[in-house]
Every structure is written in structure tokens, then in C-alpha cells.
Amino acid sequence: MSETDPLLAAVEALTKPQKRRQEQDIISRYVTTDDDGIETVTEHVVGTQKVTVELPPLLDMLDDAIQSSMGGSTKGAALASESAVLNVHALYEAMKISSAVRDWCRMAGVLDRKHTRENLEAWNASVYVRDLDEEHAAFFAAVMQKWAASIRTMLDPWREKDLPNPCPVCHAEEWWDASEDKPGEPRRRLPPMEGIRRGRPRPLLIRYKRDDPEMIEKGHAICRACGAEFGLRELQFELEQAEATTRQEGMTTV
Ligand SMILES: [Zn+2]
């Protein structure tokens, strides 16, 4: 039904858990122990794979974002870190959607529930919706499609991607996660040695929002080896400089 019914499809886009295909690194990891009993963990990215992740329904994420933005409970800690706190404009937009759904319920003679998703599901199951003519159904579907797009924009979490380049500041090609050094356990790191990789590859990490028109301006990057931070344009410039230098050096040694 949802394939042919645009109204139901629009409702489900807001009320059903979202499936998203994501790219994930395949990491090969092995531990070696030397004569002194010191462990070395080596990780290599050996490829990428597509995985399907399931996210909560958009309207649940909306309610959660409104709640945490208003300083209420942040019960879903994992969610809170994903959805972040809305700015004033986004919070206003979010509350408009939530109260519009409540208005729809009133119009359809449906009891107001606590959650926006439950309200929309109840509205969708009402006699009022069942009896909608095509023109009105198309109107509601279009409004809901707009909501879905605007909720996605306001909740779009930061995305992360690591870069293959060495850091233009410290020139590191690997980094350590200090939280992996546990007190009382064998040290997991050794000083870097010429030509031997002991840490994790790709210290440069960029953070950005995929659907943000100001992605380049707002995105930023960090080197996990030295902690240097960059704007995305700045990093691109630095990397190009570094590449040009390497090329020049290569030419003079030839
Ligand atoms: Zn660095």
C-alpha cells in the first residue's frame, strides 16, 4: 500500500525507524608481545564495506531534540550526542511541526497523545484521513514530505571521515588513542620507530554535516596525533602545500 499511497509513504517516512546505508572501514587488528611483555596493537584499514544502520523514527528524534534543547531530560544519551541541541531557529521549527500534528489530530477528532509520532499515527488511522479526497491527501503528503526534509536538516549529526594524508603540522601518519592505555595493564604503545607502523593509521579526521549548504564553512578537521585544528579550506590549502613540497623534494633528489 505504501508504494502506491503517497500519504501513507509520507506518514511512514516520519513514524517508522529509518534505515540508512553507511560506509564503514574494515579494520584488521593484531596484537604482538615483545620480550619485555609489552603489547603492541596494530590496526590497518584493509577496505570499506556498506552496512545498514537503523535510526529511530524522525518524529521520535524530533521530540527528543526538543526535550534536550529545552533543558529537559536527555534520557537517550546516545541519541543526544547524535542529534545535538537545536539552535533557537531549529527549536522553533521543531515545535511548529509538533504542534501542527496536534492541530491535525484536533481537526480529525483524535485524542492528543504525549508523543508527536503517536499523534501522527493516530491521525493516520482516523476516519478523517480514510475519507480524504485525493486533493487533500496530496496536500497533507506534501506537507509531511517537507517536514521530513526539514527535520533531517535540523537533526543531521556530524559525520566523520579520516584522510589518508599525513598531518601538515606534525607530519604524523599514525596516532594513538590514549584511552586504550589502561593502568595496571601492559603498556600498549611503544615509541614510534623508523619505518615501522605501530599506531592507528590516518590521524587526520574531518567533521562535517552532509546536507548542510554551509558544509565547507562549518566543517572542521583535527589531527589526532598532535591536536592541531583546521578549517576545511585551511586544511585543503595546507595539504596542497605539503604535496607541492614533497613533489619538489622528490624532483631535487632525482
Ligand atoms: Zn598533527
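The name recorded for the protein chain in an unreviewed UniProt entry is DUF7341 domain-containing protein, from Leifsonia williamsii.

*Asks:* Any chance you could break down the overall build of the protein chain for me, citing the residues and the numbers?
*Replies:* Looking only at helices and strands, the protein chain has nine helices and eight strands in total. Expressed as a percentage of its 254 residues, the buried residues of the protein chain come to 18%. Sequence separation of 24 or more characterises 58% of the internal contacts of the protein chain that already satisfy a separation of 6 or more.

*Asks:* Go over the packing of helix α4 (residues 88-108) against helix α7 (residues 134-155) with me, naming the residues and quoting the values.
*Replies:* When two helices pack together, you describe them by how their axes are tilted relative to each other and by the distance separating the axes. Contact geometry for α4 and α7: axes closest at 11 Å, N-to-C directions at 145°. The two elements α4 and α7 cross, and the hand of that crossing is left-handed. Where α4 abuts α7, its residues Ala90, Glu93, Ala94 and Ile97 lie against Trp147, Ser150, Ile151 and Met154. In terms of residue class, the contact of α4 with α7 is made up of six nonpolar, one polar and one charged.

*Asks:* Before we move on, can you summarise the sheet that holds strand β6 (residues 204-208) with the specific residues and values?
*Replies:* Here four strands make up an open sheet; going across it, the order is β3-β6-β7-β8 and the pairing antiparallel. Here the strands that pair on one side only, and so sit at the sheet edges, are β3 (159-162) and β8 (229-231). Across the sheet, the mean angle from the axis of one strand to that of its neighbour is 25°, orientation sign disregarded. Relative to β6, β3 runs antiparallel, the two being bridged by four bridges. Residue pairing in the sheet places Lys161 in a bridge with Ile206 of β6.

*Asks:* Let's hear about the environment of Cys167: which residues, and what values?
*Replies:* Along the polypeptide, Cys167 turns up in the loop between β3 and β4 (174-175). Beyond its immediate stretch of four places on either side in the chain, Cys167 contacts Ala172, Pro203, Leu204, Cys223, Ala225, Cys226 and Ala228.

*Asks:* Describe the environment of Val101, naming the residues involved and giving the relevant values.
*Replies:* Within the fold, Val101 resides in helix α4. Taking the C-alpha atoms as reference, Val101 lies 8.2 Å from Trp123; in sequence the two are 22 residues apart. Sequence-distant contacts of Val101, defined by excluding residues within four places in its chain, comprise Thr116, Asn119, Leu120 and Trp123.

*Asks:* Run through helix α1 (residues 6-15), naming residues and quoting values.
*Replies:* Of all the residues in α1, the buried ones are Leu7, Ala10, Val11, Ala13 and Leu14. All buried residues of α1 fall inside an arc of 160° around its axis, so they share one side.

*Asks:* Please set out the pairing of strand β7 (residues 220-223) residue by residue, giving values where relevant.
*Replies:* Only one face of β7 is covered, namely the one carrying Ala221 and Cys223; the face carrying His220 and Ile222 has none of its residues buried. One ladder, built from three bridges, connects β7 with β8; its direction is antiparallel. Note that in β8 the partner of His220 across the bridge is Gly231. Linking β7 to β8, which pair antiparallel, is a turn of five residues; within it Gly227 sits at a positive phi near 85°.

*Asks:* Let's hear about the packing of α1 against helix α5 (residues 116-124): which residues, and what values?
*Replies:* α5 packs onto α1 with a crossing angle of 160° between their chain directions and a minimal axis gap of 10 Å. It follows that α1 is roughly antiparallel to α5 by the angle criterion. You can see that α1 and α5 cross each other, and the crossing is left-handed. Of α5, the residues touching α1 (which contributes Val11, Leu14 and Thr15) are Arg117, Leu120, Glu121 and Asn124.

Parameters at a glance
Residues numbered from 1 in each chain as written. Predicted model: local features only at pLDDT ≥ 70, side-chain atom pairs only at ≥ 80, totals over all residues. Helix = DSSP H or I, 4+ residues; strand = E, 2+ residues; numbered from the N terminus. Buried ≥ 20, exposed ≤ 12 C-beta atoms within 10 Å, placed from the backbone. Contact = placed C-beta atoms within 7 Å. Axes fitted to C-alpha atoms, helices over the stretch in contact; angles between N-to-C directions. Left-handed = near helix turned anticlockwise from the far one by under 90°. Nonpolar A, V, L, I, M, F, W, Y, C, P; charged D, E, K, R; others polar. Pairing = 2+ DSSP bridges. Arc of directions from axis to C-beta. Parallel < 35°, antiparallel > 145°, perpendicular 65-115°, else oblique.

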